[in-house]
Amino acid sequence: MEYFFKIAKTCSIREIVDYNLFYIVNPVNGCWSVISAEDIDFVSMFVGKTIHFRDLHLSKSHLSLLKTLFHQGILEINNKSYYTEQVIREAERVITIIINTTNGCNIHCKYCYAYSNEKTYVKFSPASIIADITKLVGNNENQKISIVFHGGEPLLCWDNIVEMIIKLNSRFKNISYSIQTNGILITKQIVNFVKSNKIKIGISLDGFNKQANINRFGKDNNNFLKRVLDNIDVLMHNNILIGLLSVITKENYRDLFDSVIFFVDKGVKHFGFNFFLSKGRGADKNTEVLVNELVDIYIKLACYINDYNAHHVLEDYISERTISVLIYSLSHKPLGACFSTPCSAGKNLFAIDVNGDIYPCDEFVGDVSFRFGNIRIGDFSTENIKNDNFTKLSHRNNNSIEKCKLCQINRLCPFKCPSDSYYRTGDLFQPHSMCEFTKLILPKYMYLLQQNIISSRYFIFN
Ligand code: SF4
Ligand code: SF4
(Lines give C-alpha, C1' and ligand atoms only; values in the text may rest on other atoms or scores of the structure.)
(Ligands and ions follow the chains in the order given, each with its own letter.)
Protein backbone atom coordinates (compact mmCIF):
# COMPACT_ATOMS: atom_id res chain seq x y z
CA MET A 1 0.00 0.00 0.00
CA GLU A 2 1.12 3.52 -0.81
CA TYR A 3 1.52 5.94 2.09
CA PHE A 4 1.67 9.69 1.79
CA PHE A 5 2.07 12.28 4.51
CA LYS A 6 0.98 15.84 4.96
CA ILE A 7 0.76 18.53 7.63
CA ALA A 8 -2.01 21.10 7.13
CA LYS A 9 -0.73 24.36 5.72
CA THR A 10 -2.46 26.21 8.54
CA CYS A 11 0.09 24.79 11.01
CA SER A 12 2.94 26.94 12.18
CA ILE A 13 6.03 26.36 14.29
CA ARG A 14 6.76 28.61 17.27
CA GLU A 15 9.43 28.81 19.91
CA ILE A 16 8.84 27.78 23.53
CA VAL A 17 10.40 30.71 25.33
CA ASP A 18 13.39 29.73 27.55
CA TYR A 19 13.20 26.02 26.68
CA ASN A 20 15.24 25.81 23.44
CA LEU A 21 12.29 23.86 22.07
CA PHE A 22 9.49 24.51 19.58
CA TYR A 23 5.88 23.56 19.13
CA ILE A 24 3.82 23.08 16.06
CA VAL A 25 0.15 23.95 16.33
CA ASN A 26 -2.84 23.77 14.03
CA PRO A 27 -5.03 26.82 14.77
CA VAL A 28 -8.02 25.16 13.10
CA ASN A 29 -8.40 22.20 15.47
CA GLY A 30 -5.98 23.03 18.31
CA CYS A 31 -3.75 19.96 17.74
CA TRP A 32 -0.18 20.51 18.85
CA SER A 33 3.18 18.81 19.29
CA VAL A 34 6.49 19.80 20.83
CA ILE A 35 9.54 19.40 18.62
CA SER A 36 13.26 19.98 19.06
CA ALA A 37 15.28 22.62 17.18
CA GLU A 38 17.01 19.97 15.06
CA ASP A 39 13.68 18.56 13.85
CA ILE A 40 12.30 21.86 12.56
CA ASP A 41 13.55 21.45 8.97
CA PHE A 42 12.32 17.87 8.80
CA VAL A 43 8.86 18.73 10.13
CA SER A 44 8.58 21.89 7.99
CA MET A 45 9.01 19.72 4.88
CA PHE A 46 5.50 18.33 5.39
CA VAL A 47 3.69 21.61 6.07
CA GLY A 48 1.28 22.22 3.20
CA LYS A 49 2.95 19.53 1.07
CA THR A 50 2.15 15.89 0.32
CA ILE A 51 5.20 13.61 0.54
CA HIS A 52 5.23 9.93 -0.40
CA PHE A 53 6.77 7.41 1.97
CA ARG A 54 8.81 5.94 -0.89
CA ASP A 55 10.55 9.31 -1.37
CA LEU A 56 11.64 9.41 2.26
CA HIS A 57 14.66 7.68 3.71
CA LEU A 58 13.66 7.73 7.32
CA SER A 59 15.96 7.23 10.26
CA LYS A 60 14.50 5.48 13.31
CA SER A 61 14.16 8.78 15.13
CA HIS A 62 12.35 10.44 12.21
CA LEU A 63 9.99 7.49 11.95
CA SER A 64 9.22 7.77 15.64
CA LEU A 65 8.73 11.53 15.29
CA LEU A 66 6.22 11.02 12.46
CA LYS A 67 4.33 8.52 14.62
CA THR A 68 4.15 11.07 17.45
CA LEU A 69 2.98 13.80 15.08
CA PHE A 70 0.30 11.48 13.69
CA HIS A 71 -0.98 10.50 17.14
CA GLN A 72 -1.15 14.15 18.15
CA GLY A 73 -3.29 14.99 15.13
CA ILE A 74 -0.63 17.10 13.40
CA LEU A 75 0.41 14.70 10.64
CA GLU A 76 -2.13 13.30 8.20
CA ILE A 77 -1.45 9.92 6.61
CA ASN A 78 -3.28 9.30 3.34
CA ASN A 79 -5.39 12.38 4.14
CA LYS A 80 -6.54 10.86 7.42
CA SER A 81 -6.03 12.48 10.79
CA TYR A 82 -5.82 10.58 14.07
CA TYR A 83 -7.66 13.46 15.72
CA THR A 84 -11.41 13.51 15.62
CA GLU A 85 -13.25 16.38 17.15
CA GLN A 86 -15.19 15.23 20.19
CA VAL A 87 -18.88 15.68 19.83
CA ILE A 88 -19.70 17.53 23.02
CA ARG A 89 -22.76 15.93 24.49
CA GLU A 90 -25.20 18.55 25.61
CA ALA A 91 -25.00 17.87 29.33
CA GLU A 92 -28.22 18.15 31.23
CA ARG A 93 -28.76 21.89 31.44
CA VAL A 94 -27.90 23.42 34.79
CA ILE A 95 -29.13 26.95 35.37
CA THR A 96 -26.88 28.94 37.69
CA ILE A 97 -28.33 31.92 39.50
CA ILE A 98 -26.16 34.27 41.49
CA ILE A 99 -28.10 36.13 44.16
CA ASN A 100 -26.52 39.27 45.52
CA THR A 101 -27.83 39.01 49.04
CA THR A 102 -26.58 42.39 50.24
CA ASN A 103 -24.49 45.30 49.01
CA GLY A 104 -22.96 45.62 52.48
CA CYS A 105 -19.67 44.14 53.54
CA ASN A 106 -17.71 43.93 56.77
CA ILE A 107 -14.38 44.56 55.04
CA HIS A 108 -13.26 46.94 52.30
CA CYS A 109 -11.13 45.11 49.71
CA LYS A 110 -9.12 47.52 47.62
CA TYR A 111 -9.88 45.68 44.36
CA CYS A 112 -13.58 44.93 45.02
CA TYR A 113 -15.55 45.22 41.79
CA ALA A 114 -18.95 45.23 43.50
CA TYR A 115 -20.75 48.16 45.09
CA SER A 116 -17.63 50.26 45.49
CA ASN A 117 -19.47 53.55 46.01
CA GLU A 118 -22.68 52.47 47.72
CA LYS A 119 -23.72 54.69 50.60
CA THR A 120 -26.83 52.86 51.76
CA TYR A 121 -26.97 49.19 52.47
CA VAL A 122 -29.84 46.95 51.45
CA LYS A 123 -30.55 43.24 51.60
CA PHE A 124 -32.17 40.96 49.04
CA SER A 125 -35.74 40.25 50.10
CA PRO A 126 -36.51 36.54 50.39
CA ALA A 127 -40.30 37.12 50.40
CA SER A 128 -40.95 36.20 46.75
CA ILE A 129 -37.92 33.97 46.16
CA ILE A 130 -39.89 31.04 44.69
CA ALA A 131 -41.66 33.28 42.16
CA ASP A 132 -38.36 35.06 41.37
CA ILE A 133 -36.46 31.86 40.63
CA THR A 134 -39.41 30.33 38.74
CA LYS A 135 -39.29 33.31 36.35
CA LEU A 136 -35.71 32.41 35.51
CA VAL A 137 -35.86 28.61 35.40
CA GLY A 138 -39.48 27.88 34.46
CA ASN A 139 -42.05 25.67 36.13
CA ASN A 140 -40.19 22.36 35.93
CA GLU A 141 -39.59 21.37 39.55
CA ASN A 142 -36.92 18.89 38.37
CA GLN A 143 -34.83 21.53 36.61
CA LYS A 144 -31.19 21.37 37.77
CA ILE A 145 -30.46 24.65 39.51
CA SER A 146 -27.34 25.95 41.18
CA ILE A 147 -27.82 28.95 43.47
CA VAL A 148 -24.79 31.01 44.46
CA PHE A 149 -25.24 33.42 47.35
CA HIS A 150 -22.97 36.35 46.75
CA GLY A 151 -22.66 39.91 48.04
CA GLY A 152 -21.29 42.13 49.47
CA GLU A 153 -20.79 39.69 52.28
CA PRO A 154 -23.67 37.17 52.24
CA LEU A 155 -23.21 36.07 55.84
CA LEU A 156 -24.35 39.57 56.91
CA CYS A 157 -27.85 38.41 56.03
CA TRP A 158 -27.65 34.78 57.09
CA ASP A 159 -31.30 34.63 58.22
CA ASN A 160 -32.44 35.66 54.73
CA ILE A 161 -30.28 32.94 53.18
CA VAL A 162 -31.77 30.29 55.46
CA GLU A 163 -35.29 31.49 54.60
CA MET A 164 -34.54 31.32 50.86
CA ILE A 165 -33.04 27.82 51.08
CA ILE A 166 -35.99 26.46 53.04
CA LYS A 167 -38.48 27.96 50.59
CA LEU A 168 -36.58 26.86 47.48
CA ASN A 169 -36.16 23.30 48.82
CA SER A 170 -39.92 23.09 49.15
CA ARG A 171 -40.35 23.89 45.44
CA PHE A 172 -37.34 22.52 43.52
CA LYS A 173 -36.00 18.96 43.73
CA ASN A 174 -32.70 19.37 41.90
CA ILE A 175 -31.27 22.41 43.54
CA SER A 176 -27.84 22.96 45.07
CA TYR A 177 -26.30 25.90 46.88
CA SER A 178 -22.99 27.58 47.39
CA ILE A 179 -21.97 30.67 49.33
CA GLN A 180 -19.08 32.93 48.40
CA THR A 181 -17.91 34.55 51.63
CA ASN A 182 -14.90 36.25 53.15
CA GLY A 183 -15.14 33.64 55.91
CA ILE A 184 -15.01 36.05 58.84
CA LEU A 185 -18.57 35.67 60.14
CA ILE A 186 -18.85 31.89 60.19
CA THR A 187 -20.49 30.62 63.39
CA LYS A 188 -21.34 27.20 64.77
CA GLN A 189 -24.98 27.73 63.78
CA ILE A 190 -23.91 28.48 60.17
CA VAL A 191 -21.61 25.45 60.09
CA ASN A 192 -24.44 23.16 61.24
CA PHE A 193 -26.87 24.44 58.62
CA VAL A 194 -24.25 24.35 55.85
CA LYS A 195 -23.34 20.79 56.77
CA SER A 196 -26.87 19.47 56.91
CA ASN A 197 -27.79 21.15 53.61
CA LYS A 198 -24.56 20.13 51.80
CA ILE A 199 -23.80 23.71 50.87
CA LYS A 200 -20.46 24.41 49.21
CA ILE A 201 -18.45 27.24 50.68
CA GLY A 202 -16.11 29.42 48.67
CA ILE A 203 -13.77 31.40 50.88
CA SER A 204 -12.19 34.52 49.43
CA LEU A 205 -8.69 34.81 50.83
CA ASP A 206 -5.50 35.92 49.11
CA GLY A 207 -3.00 33.76 50.95
CA PHE A 208 -1.86 32.51 54.32
CA ASN A 209 -0.07 35.59 55.62
CA LYS A 210 -0.75 39.22 56.42
CA GLN A 211 1.12 40.66 53.43
CA ALA A 212 -0.79 38.49 50.94
CA ASN A 213 -4.09 39.79 52.35
CA ILE A 214 -3.18 43.45 52.62
CA ASN A 215 -5.72 44.39 49.93
CA ARG A 216 -8.46 42.64 51.90
CA PHE A 217 -7.77 43.37 55.56
CA GLY A 218 -5.54 46.46 55.39
CA LYS A 219 -2.21 46.93 57.15
CA ASP A 220 -3.10 46.66 60.78
CA ASN A 221 -5.74 44.06 61.14
CA ASN A 222 -4.36 40.68 62.08
CA ASN A 223 -7.57 39.56 63.62
CA PHE A 224 -9.51 38.97 60.40
CA LEU A 225 -6.87 36.63 59.00
CA LYS A 226 -6.73 34.65 62.23
CA ARG A 227 -10.51 34.35 62.28
CA VAL A 228 -10.70 33.13 58.71
CA LEU A 229 -7.93 30.58 59.28
CA ASP A 230 -9.66 29.33 62.43
CA ASN A 231 -12.98 29.12 60.57
CA ILE A 232 -11.37 27.14 57.75
CA ASP A 233 -10.19 24.66 60.41
CA VAL A 234 -13.74 24.39 61.76
CA LEU A 235 -15.18 23.83 58.26
CA MET A 236 -12.56 21.18 57.49
CA HIS A 237 -13.22 19.51 60.81
CA ASN A 238 -16.90 19.26 59.82
CA ASN A 239 -16.05 17.80 56.39
CA ILE A 240 -17.54 20.74 54.55
CA LEU A 241 -16.41 21.13 50.94
CA ILE A 242 -14.63 24.42 50.57
CA GLY A 243 -12.76 26.12 47.78
CA LEU A 244 -10.36 28.99 48.23
CA LEU A 245 -10.67 31.90 45.83
CA SER A 246 -7.76 34.33 45.60
CA VAL A 247 -7.14 37.42 43.55
CA ILE A 248 -3.64 37.54 42.11
CA THR A 249 -1.94 40.79 43.07
CA LYS A 250 1.61 42.03 43.35
CA GLU A 251 1.34 41.48 47.10
CA ASN A 252 0.58 37.76 46.95
CA TYR A 253 1.66 36.17 43.68
CA ARG A 254 5.15 35.22 44.85
CA ASP A 255 3.56 33.35 47.77
CA LEU A 256 0.92 31.44 45.79
CA PHE A 257 2.86 28.20 45.83
CA ASP A 258 3.58 28.32 49.57
CA SER A 259 -0.01 29.31 50.14
CA VAL A 260 -1.31 26.22 48.33
CA ILE A 261 1.01 23.98 50.39
CA PHE A 262 -0.17 25.68 53.60
CA PHE A 263 -3.87 25.20 52.83
CA VAL A 264 -3.51 21.69 51.41
CA ASP A 265 -1.91 20.85 54.73
CA LYS A 266 -5.07 22.16 56.41
CA GLY A 267 -7.18 19.88 54.18
CA VAL A 268 -8.31 22.40 51.55
CA LYS A 269 -8.45 20.73 48.14
CA HIS A 270 -9.66 23.27 45.62
CA PHE A 271 -8.24 26.63 44.65
CA GLY A 272 -9.05 29.30 42.12
CA PHE A 273 -6.69 32.17 41.36
CA ASN A 274 -8.12 35.10 39.42
CA PHE A 275 -6.69 38.24 37.95
CA PHE A 276 -8.78 41.08 39.30
CA LEU A 277 -11.51 42.68 37.26
CA SER A 278 -10.84 46.30 36.24
CA LYS A 279 -14.13 47.44 37.70
CA GLY A 280 -15.29 49.14 40.91
CA ARG A 281 -12.40 49.77 43.30
CA GLY A 282 -10.14 47.66 41.04
CA ALA A 283 -10.74 49.91 38.00
CA ASP A 284 -7.63 52.04 38.27
CA LYS A 285 -5.28 49.40 39.67
CA ASN A 286 -2.35 47.88 37.86
CA THR A 287 -1.54 44.34 38.97
CA GLU A 288 2.24 44.85 38.57
CA VAL A 289 2.55 41.10 38.46
CA LEU A 290 5.59 39.99 36.46
CA VAL A 291 4.14 37.55 33.99
CA ASN A 292 7.34 35.55 33.55
CA GLU A 293 7.50 34.94 37.27
CA LEU A 294 3.84 33.99 37.40
CA VAL A 295 4.43 31.48 34.61
CA ASP A 296 7.26 29.88 36.63
CA ILE A 297 4.96 29.66 39.65
CA TYR A 298 2.28 28.01 37.52
CA ILE A 299 4.79 25.44 36.25
CA LYS A 300 5.75 24.60 39.82
CA LEU A 301 2.11 24.43 40.87
CA ALA A 302 1.11 22.13 38.01
CA CYS A 303 3.96 19.75 38.89
CA TYR A 304 3.01 19.86 42.56
CA ILE A 305 -0.67 19.11 41.86
CA ASN A 306 0.28 16.33 39.46
CA ASP A 307 2.61 14.66 41.98
CA TYR A 308 0.22 15.10 44.88
CA ASN A 309 -2.71 13.56 42.98
CA ALA A 310 -0.54 10.73 41.66
CA HIS A 311 -0.25 9.62 45.30
CA HIS A 312 -3.90 10.08 46.29
CA VAL A 313 -7.28 8.62 45.41
CA LEU A 314 -9.59 10.62 43.15
CA GLU A 315 -11.78 11.86 46.05
CA ASP A 316 -8.72 13.50 47.61
CA TYR A 317 -7.37 15.16 44.46
CA ILE A 318 -6.45 18.81 44.72
CA SER A 319 -6.96 21.34 41.93
CA GLU A 320 -6.42 24.92 40.87
CA ARG A 321 -8.98 26.11 38.37
CA THR A 322 -6.74 27.95 35.87
CA ILE A 323 -4.34 25.00 35.65
CA SER A 324 -7.18 22.51 35.15
CA VAL A 325 -8.71 24.72 32.46
CA LEU A 326 -5.42 24.93 30.55
CA ILE A 327 -4.70 21.20 30.82
CA TYR A 328 -8.26 20.33 29.76
CA SER A 329 -7.92 22.59 26.76
CA LEU A 330 -4.57 21.05 25.72
CA SER A 331 -6.08 17.58 26.14
CA HIS A 332 -9.10 18.46 23.97
CA LYS A 333 -11.50 17.86 26.87
CA PRO A 334 -14.73 19.89 26.97
CA LEU A 335 -14.47 23.06 29.02
CA GLY A 336 -16.91 24.59 31.47
CA ALA A 337 -19.29 27.43 30.79
CA CYS A 338 -16.96 30.36 31.57
CA PHE A 339 -14.28 28.96 29.27
CA SER A 340 -16.35 28.58 26.13
CA THR A 341 -17.18 31.40 23.73
CA PRO A 342 -19.95 32.47 23.76
CA CYS A 343 -20.12 31.90 27.50
CA SER A 344 -23.26 31.03 29.40
CA ALA A 345 -23.99 34.58 30.60
CA GLY A 346 -27.70 35.31 30.13
CA LYS A 347 -28.43 31.77 28.89
CA ASN A 348 -27.62 29.31 31.65
CA LEU A 349 -26.41 31.95 34.06
CA PHE A 350 -28.15 34.96 35.60
CA ALA A 351 -27.36 37.31 38.43
CA ILE A 352 -30.01 39.02 40.55
CA ASP A 353 -28.98 42.20 42.29
CA VAL A 354 -30.18 43.14 45.80
CA ASN A 355 -33.06 45.19 44.35
CA GLY A 356 -34.21 42.44 41.96
CA ASP A 357 -32.48 43.76 38.83
CA ILE A 358 -31.37 40.94 36.53
CA TYR A 359 -28.07 40.73 34.69
CA PRO A 360 -26.45 38.09 32.46
CA CYS A 361 -23.63 37.51 34.96
CA ASP A 362 -22.50 38.78 38.34
CA GLU A 363 -19.60 40.59 36.68
CA PHE A 364 -22.03 42.99 34.98
CA VAL A 365 -24.18 43.78 38.02
CA GLY A 366 -24.77 47.50 38.43
CA ASP A 367 -24.03 48.31 34.78
CA VAL A 368 -27.39 49.44 33.39
CA SER A 369 -26.35 48.72 29.80
CA PHE A 370 -26.38 45.00 30.73
CA ARG A 371 -29.57 45.10 32.82
CA PHE A 372 -32.31 42.76 31.55
CA GLY A 373 -35.10 44.13 33.75
CA ASN A 374 -36.35 43.55 37.27
CA ILE A 375 -37.52 40.18 38.50
CA ARG A 376 -40.38 41.73 40.46
CA ILE A 377 -41.57 44.36 37.99
CA GLY A 378 -43.67 43.45 34.97
CA ASP A 379 -43.65 40.06 33.24
CA PHE A 380 -39.98 39.31 33.04
CA SER A 381 -39.28 36.31 30.83
CA THR A 382 -35.95 34.84 29.71
CA GLU A 383 -37.61 34.22 26.32
CA ASN A 384 -38.01 37.90 25.75
CA ILE A 385 -34.74 39.60 26.69
CA LYS A 386 -34.18 42.84 24.79
CA ASN A 387 -30.70 44.14 25.48
CA ASP A 388 -28.09 45.23 22.90
CA ASN A 389 -25.16 44.06 24.98
CA PHE A 390 -26.77 40.65 25.47
CA THR A 391 -27.13 40.36 21.69
CA LYS A 392 -23.41 41.10 21.42
CA LEU A 393 -22.59 38.53 24.13
CA SER A 394 -24.61 35.89 22.31
CA HIS A 395 -22.82 36.51 19.02
CA ARG A 396 -19.38 36.69 20.53
CA ASN A 397 -17.23 33.79 19.35
CA ASN A 398 -13.53 33.00 18.88
CA ASN A 399 -13.49 34.64 15.48
CA SER A 400 -15.33 37.79 16.44
CA ILE A 401 -12.40 39.01 18.53
CA GLU A 402 -10.13 40.35 15.77
CA LYS A 403 -6.82 39.97 17.64
CA CYS A 404 -7.71 36.44 18.78
CA LYS A 405 -8.75 35.49 15.26
CA LEU A 406 -5.13 35.87 14.16
CA CYS A 407 -3.72 34.05 17.18
CA GLN A 408 -2.20 30.60 16.54
CA ILE A 409 -3.39 29.25 19.90
CA ASN A 410 -6.90 30.69 19.63
CA ARG A 411 -8.50 27.23 19.78
CA LEU A 412 -6.48 26.32 22.86
CA CYS A 413 -6.89 29.59 24.76
CA PRO A 414 -9.78 29.23 27.22
CA PHE A 415 -9.69 32.83 28.48
CA LYS A 416 -12.27 34.85 26.60
CA CYS A 417 -14.49 36.25 29.38
CA PRO A 418 -16.30 39.27 27.89
CA SER A 419 -16.47 41.15 31.18
CA ASP A 420 -12.66 41.08 31.45
CA SER A 421 -12.46 42.61 28.00
CA TYR A 422 -15.24 45.12 28.61
CA TYR A 423 -14.06 46.55 31.92
CA ARG A 424 -10.42 46.73 30.90
CA THR A 425 -10.82 48.22 27.44
CA GLY A 426 -14.43 49.45 27.16
CA ASP A 427 -14.91 46.97 24.30
CA LEU A 428 -16.45 43.48 24.49
CA PHE A 429 -14.24 42.24 21.68
CA GLN A 430 -10.66 42.44 22.94
CA PRO A 431 -8.21 39.74 24.10
CA HIS A 432 -8.23 38.71 27.76
CA SER A 433 -6.01 40.24 30.45
CA MET A 434 -4.35 36.81 30.77
CA CYS A 435 -3.38 36.85 27.07
CA GLU A 436 0.37 37.24 27.60
CA PHE A 437 0.34 34.68 30.41
CA THR A 438 -1.59 32.22 28.23
CA LYS A 439 0.81 32.60 25.31
CA LEU A 440 3.73 31.77 27.61
CA ILE A 441 2.23 29.04 29.77
CA LEU A 442 0.39 26.93 27.17
CA PRO A 443 3.55 25.87 25.23
CA LYS A 444 5.28 25.05 28.52
CA TYR A 445 2.38 22.88 29.62
CA MET A 446 2.55 21.23 26.17
CA TYR A 447 6.14 20.29 26.99
CA LEU A 448 5.24 18.95 30.47
CA LEU A 449 2.42 16.84 29.00
CA GLN A 450 4.37 15.50 26.05
CA GLN A 451 7.32 14.52 28.25
CA ASN A 452 4.91 12.83 30.70
CA ILE A 453 6.18 15.09 33.48
CA ILE A 454 2.51 15.71 34.17
CA SER A 455 -0.54 13.74 33.07
CA SER A 456 -3.94 15.19 32.21
CA ARG A 457 -5.65 12.54 34.38
CA TYR A 458 -4.45 14.29 37.53
CA PHE A 459 -6.20 17.57 36.76
CA ILE A 460 -9.85 17.95 37.70
CA PHE A 461 -12.53 20.50 38.49
CA ASN A 462 -14.20 20.42 41.88
S1 SF4 B 1 -19.13 37.04 31.54
FE2 SF4 B 1 -17.23 36.04 32.17
S3 SF4 B 1 -17.59 35.37 34.29
FE4 SF4 B 1 -19.61 35.82 33.34
S5 SF4 B 1 -20.33 33.86 32.51
FE6 SF4 B 1 -19.25 34.91 30.88
S7 SF4 B 1 -17.15 34.13 30.97
FE8 SF4 B 1 -18.15 33.64 32.93
S1 SF4 C 1 -6.58 36.08 24.46
FE2 SF4 C 1 -4.51 36.15 23.65
S3 SF4 C 1 -3.76 34.03 23.76
FE4 SF4 C 1 -6.00 33.99 23.94
S5 SF4 C 1 -6.70 33.69 21.82
FE6 SF4 C 1 -6.74 35.89 22.23
S7 SF4 C 1 -4.76 36.61 21.45
FE8 SF4 C 1 -4.59 34.36 21.72
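Residues numbered from 1 in each chain as written. Chains lettered and ligands numbered in written order. Predicted model: local features only at pLDDT ≥ 70, side-chain atom pairs only at ≥ 80, totals over all residues. Heavy atoms only, no water.

**Q** Describe the nonpolar core, listing the residues and the values that go with them.
**A** Ranked by size, the top nonpolar core spans 109 residues in total, and within it Ile97, Ile133, Ile147, Ile203, Leu205, Ile232 and Tyr445 carry the most contacts. Per element, the largest residue contribution to this core is 10 residues, and it comes from helix α9 (residues 291–310). If near-sequence neighbours (up to four positions away) are discounted, Ile133 is found in contact with Ile97, Ile99, Gly138, Ile147, Leu168, Phe172 and Ile352. One finds Cys31, Phe46, Ile51 and Phe70 within the second-largest nonpolar core, a separate group that totals 21 residues. (Core = buried A, V, L, I, M, F, W, Y, C linked by side-chain atoms within 4.5 Å. Buried < 20%, exposed > 50% of the residue type's maximum accessible area, 1.4 Å probe, protein only. Helix = DSSP H or I, 4+ residues; strand = E, 2+ residues; numbered from the N terminus. Contact = heavy atoms within 4.5 Å.)

**Q** An account of the sheet that holds strand β8 (residues 144–150) is requested, with residue identities and associated values reported.
**A** Spatial ordering of the open sheet is given by β13-β12-β11-β10-β9-β8-β7-β14-β15-β16, a layout of 10 strands whose pairing is mixed. Two strands bound the open sheet, and with one partner strand each, they are β13 (319–320) and β16 (373–374). (Pairing = 2+ DSSP bridges.)

**Q** Outline the site of ligand 1, listing residues and values.
**A** Surveying the vicinity of ligand 1 reveals the residues Cys338, Cys343, Ala345, Leu349, Cys361, Glu363, Phe364, Cys417 and Pro418. Among the residues forming the shell around ligand 1, the class breakdown is eight nonpolar, no polar and one charged. (Near = heavy atom within 4 Å. Nonpolar A, V, L, I, M, F, W, Y, C, P; charged D, E, K, R; others polar.)

**Q** For the layout of surface pockets, give the residues involved together with the corresponding values.
**A** Counted as a void, the second largest pocket has a volume near 280 Å³. Lining the second largest pocket are Cys31, Trp32, His71, Gln72, Gly73, Tyr82, Tyr83, Leu330, Ser331, His332, Leu449 and Gln450. A breakdown of the residues in the lining of the second largest pocket according to their chemical character gives six nonpolar, six polar and no charged. (1 Å grid on protein atoms, 1.4 Å probe; cavity = no way out; pocket = protein on both sides within 12 Å on 5 of 7 lines; lining within 4 Å. Points joined across faces, edges and corners; volume = space filled by probe spheres on them.)

**Q** I'd like a rundown of the site of ligand 2, residues and numbers included.
**A** Taken together, the residues surrounding ligand 2 are Cys404, Cys407, Ile409, Asn410, Cys413, Lys416, Pro431, His432, Cys435 and Lys439. Its residues assigned to classes, the shell around ligand 2 shows six nonpolar, two polar and two charged.

**Q** Provide a residue-level description of the packing of helix α8 (residues 256–266) against α9, including the pertinent values.
**A** Two elements in contact, α8 and α9, have axes separated by 9 Å at closest approach and are oriented at 25°. Here α8 lies roughly parallel to α9, going by the angle between them. Across from Leu256, Phe257, Val260, Ile261 and Val264 in α8, the residues of α9 making contact are Leu294, Ile297, Lys300, Leu301, Tyr304 and Tyr308. (Axes fitted to C-alpha atoms, helices over the stretch in contact; angles between N-to-C directions. Parallel < 35°, antiparallel > 145°, perpendicular 65-115°, else oblique.)

**Q** Can you explain α8? Please cite residues and give values.
**A** Along α8, the residues classified as buried are Leu256, Phe257, Ser259, Val260, Phe263 and Val264. Along the long axis of α8, the arc covered by the buried residues comes to 155°, so they all point the same way. Count one or two residues on from α8 and you reach Gly267, which has phi positive near 110°. (Arc of directions from axis to C-beta.)

**Q** Account for the packing of α9 against helix α14 (residues 435–450), with residues named and values stated.
**A** Taken N-terminus to C-terminus, the directions of α9 and α14 make an angle of 35°; their axes are 10 Å apart at the nearest point. The handedness of the crossing between α9 and α14 comes out as right-handed. In this structure, α9 contributes Val291, Asn292, Leu294, Val295, Tyr298, Ile299, Ala302 and Cys303 to the contact, and α14 contributes Glu436, Phe437, Leu440, Ile441, Lys444, Tyr445 and Leu448. When grouped by side-chain class, the residues that make up the contact of α9 with α14 number 12 nonpolar, one polar and two charged. (Left-handed = near helix turned anticlockwise from the far one by under 90°.)

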